[in-house]
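Chain by chain, the residues run as shown.
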Amino acid sequence: MITGSGRGIGKTIALRLAAEGADIVVNFFRNRRSAETVASEIRELGQKALVVKANVGDLKQLNYLYDAIDGEFGRLDILIHNAASGYNRSIMQQRAKGWDWTMNINARSLLFGAQRAAQLMQRNGGGSIVAISSLGSRRVLPEYVVVGASKAALESIVRYLAVEFSAMDIAVNGVSPGLVDTQALNFFSAFNEEEKFILNDIAARTPAGRLCIPEDVANLISFLCSPKASMIRGQIIVVDGGYSLLARS
Ligand SMILES: NC(=O)c1ccc[n+]([C@@H]2O[C@H](COP(=O)([O-])OP(=O)(O)OC[C@H]3O[C@@H](n4cnc5c(N)ncnc54)[C@H](OP(=O)(O)O)[C@@H]3O)[C@@H](O)[C@H]2O)c1
């Protein structure tokens, strides 16, 4: 199951894991049409696809999502915690409502989703959980205070899950991508104003010479969910072409 897999990075992860033989739960919140399209593409690859609308930030809907998985498949092997939202504003414009919204979708849903996921994974002897973070968990990005804090919480939850869930043979890790050109960037005023210029500039300043693409994230996730990665636990692995290594990036 990949949360938020009707579009963006989640969609690419869903199609990659389907191509590698997984049946997929496509979770979406607002955009049913694109989620249904992803499901059709998964079925064309010969795998089953279950489409479930659920706001993962709402505990009732989160439980409904896991009930649906249990009802359809009775098991779960892989959870990719990908869905994210946030109030991108300067600090003085932040409101408690935006904090709760962002924290509940980006961080709380990992903790309580993992509880339900672990119950399903235990039935078949274990599994893998990968949560998607971002460089803003540790670094200061414009208007990103609440999302940054939620991603820092997510990374901490990853480490706690990794230790406690190892006894159930569930490997838990995080992936922290550099900038990926998805619709998520529309919510940053900096990108709305001068998007092309900024993206080209970041690509030029990336040691690997380009921006990340969703496939870079999917490659790493595919590896982390494979037996080859079984000794990697509780790590947040950065996939950004070296961008965050530079003192002035
Ligand atoms: N793009 C980047 O540069 C970048 C960089 C670093 C990390 N990331 C992380 O990578 C992940 C995916 O980002 P993206 O760029 O693909 O984002 P995106 O294009 O904005 O897509 C967000 C996805 O999350 C879903 N979603 C949002 N709120 C939800 C909710 N409450 N419940 C369930 N699903 C929800 C959306 O579903 P609907 O369409 O149905 O609403 C959509 O599928 C996020 O965790 C993000 O923080 C992105």
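Calculation notes
Residues numbered from 1 in each chain as written. Predicted model: local features only at pLDDT ≥ 70, side-chain atom pairs only at ≥ 80, totals over all residues. Heavy atoms only, no water. Near = heavy atom within 4 Å. Polar contact = N/O pair within 3.5 Å; in protein donor to acceptor, adjacent residues only side chain to side chain. Areas by Shrake-Rupley, 256 points an atom, 1.4 Å probe, with all protein chains shown as cover. Helix = DSSP H or I, 4+ residues; strand = E, 2+ residues; numbered from the N terminus. Nonpolar A, V, L, I, M, F, W, Y, C, P; charged D, E, K, R; others polar. 1 Å grid on protein atoms, 1.4 Å probe; cavity = no way out; pocket = protein on both sides within 12 Å on 5 of 7 lines; lining within 4 Å. Points joined across faces, edges and corners; volume = space filled by probe spheres on them. Axes fitted to C-alpha atoms, helices over the stretch in contact; angles between N-to-C directions. Parallel < 35°, antiparallel > 145°, perpendicular 65-115°, else oblique. Left-handed = near helix turned anticlockwise from the far one by under 90°. Contact = heavy atoms within 4.5 Å. Buried < 20%, exposed > 50% of the residue type's maximum accessible area, 1.4 Å probe, protein only. Pairing = 2+ DSSP bridges. Right-handed = clockwise from strand over helix to strand, strands pointing away. Phe/Tyr/Trp six-rings, centres within 6.5 Å; stacked < 30°, edge-to-face > 60°.

Some thoughts on the site of the ligand
In step 1: If you check the shell around the ligand, you find 29 residues, and the closest are Arg 7, Asn 31, Asn 55, Asn 82 and Thr 182.
In step 2: Here Phe 29 contributes a backbone N or O atom positioned 2.8 Å from an oxygen atom of the ligand.
In step 3: For the ligand, an oxygen atom lies 2.7 Å from a polar atom in the backbone of Val 180.
In step 4: Taking 900 Å² as the accessible area of the ligand by itself, protein coverage stands at 93%.
In step 5: When residues of the shell around the ligand are traced back to their parent elements, those giving at least two are helix H1 (8-19) and strand S1 (24-28).
In step 6: Residue classes in the shell around the ligand are distributed as 14 nonpolar, twelve polar and three charged.

Overview of the layout of surface pockets
In step 1: In this model, the second largest pocket occupies a volume close to 240 Å³.
In step 2: Grouping the constituent residues of the lining of the second largest pocket by class yields nine nonpolar, no polar and three charged.

Quick look at the packing of H1 against helix H7 (residues 214-224)
In step 1: At their nearest, the axes of H1 and H7 sit 9 Å apart, and the two run at 45° to each other. By the angle class used here, H1 and H7 are oblique. Like other packed secondary-structure pairs, H1 and H7 cross with a definite hand, here right-handed. Only Pro 214, Glu 215, Val 217, Ala 218, Asn 219, Ile 221 and Ser 222 of H7 make contact with H1, whose side of the interface consists of Ile 9, Thr 12, Ile 13, Arg 16 and Leu 17.

Details of the side chain of Ser 134
In step 1: Mapped onto the elements of the fold, Ser 134 is located in the loop between strand S4 (127-132) and helix H5 (145-165).
In step 2: Beyond its immediate sequence surroundings of up to four residues, Ser 134 is in contact with Tyr 144, Lys 151, Glu 155, Ser 176 and Pro 177.

Observations concerning empty space enclosed by the protein
In step 1: Applying the stated criterion across every chain, the model contains one cavity of 30 Å³ or more.
In step 2: Along its surface, the largest cavity is lined by Thr 3, Val 56, Leu 62, Tyr 66, Leu 79, His 81, Ser 109 and Gly 113.
In step 3: For the lining of the largest cavity, the secondary-structure elements that each account for two or more residues are helix H3 (59-72), strand S3 (78-81) and helix H4 (96-122).
In step 4: Its residues placed into classes, the lining of the largest cavity shows four nonpolar, four polar and no charged.

Examining the pairing of S3
In step 1: Taking every second residue as pointing to the same face, both faces of S3 are buried, with Ile 78 and Ile 80 on one and Leu 79 and His 81 on the other.
In step 2: Pairing between S3 and S4: four bridges, direction parallel. Within the sheet, the bridge partner assigned to His 81 lies in S4 and is Ala 131.
In step 3: Taking the sense of rotation as the criterion, the β-α-β connection linking S3, H4 and S4 turns out right-handed.

A word on the sheet that holds S4
In step 1: The parallel open sheet is built from four strands, whose spatial order is S3-S4-S5-S6. Two strands lie at the open edges of the sheet, namely S3 and strand S6 (236-239), each paired on one side alone. Across the sheet, the mean angle separating the axes of adjacent strands is 20° when strand polarity is ignored.
In step 2: Across four bridges, strand S5 (residues 170-177) lies against S6 in parallel orientation. Residue pairing for S6: Val 175 is matched across the bridge by Ile 237.
In step 3: Seen against the sheet, H5 touches S3, S4, S5 and S6 and runs at an angle of roughly 160° to S5.

Observations regarding the packing of aromatic side chains
In step 1: Enumeration over the complete set of coordinates arrives at one aromatic pair.
In step 2: Plain terms: the ring middles of Phe 29 and Trp 101 are 6.2 Å apart, the flat faces sit at 40° to each other, and that makes the pair tilted. Taken together, the positions of Phe 29 in the loop between S1 and helix H2 (32-44) and Trp 101 in helix H4 put the pair 72 residues apart, joining distant regions of the chain.
In step 3: Residue Phe 29 is classed as partly exposed on the basis of its relative accessible area of 29%.

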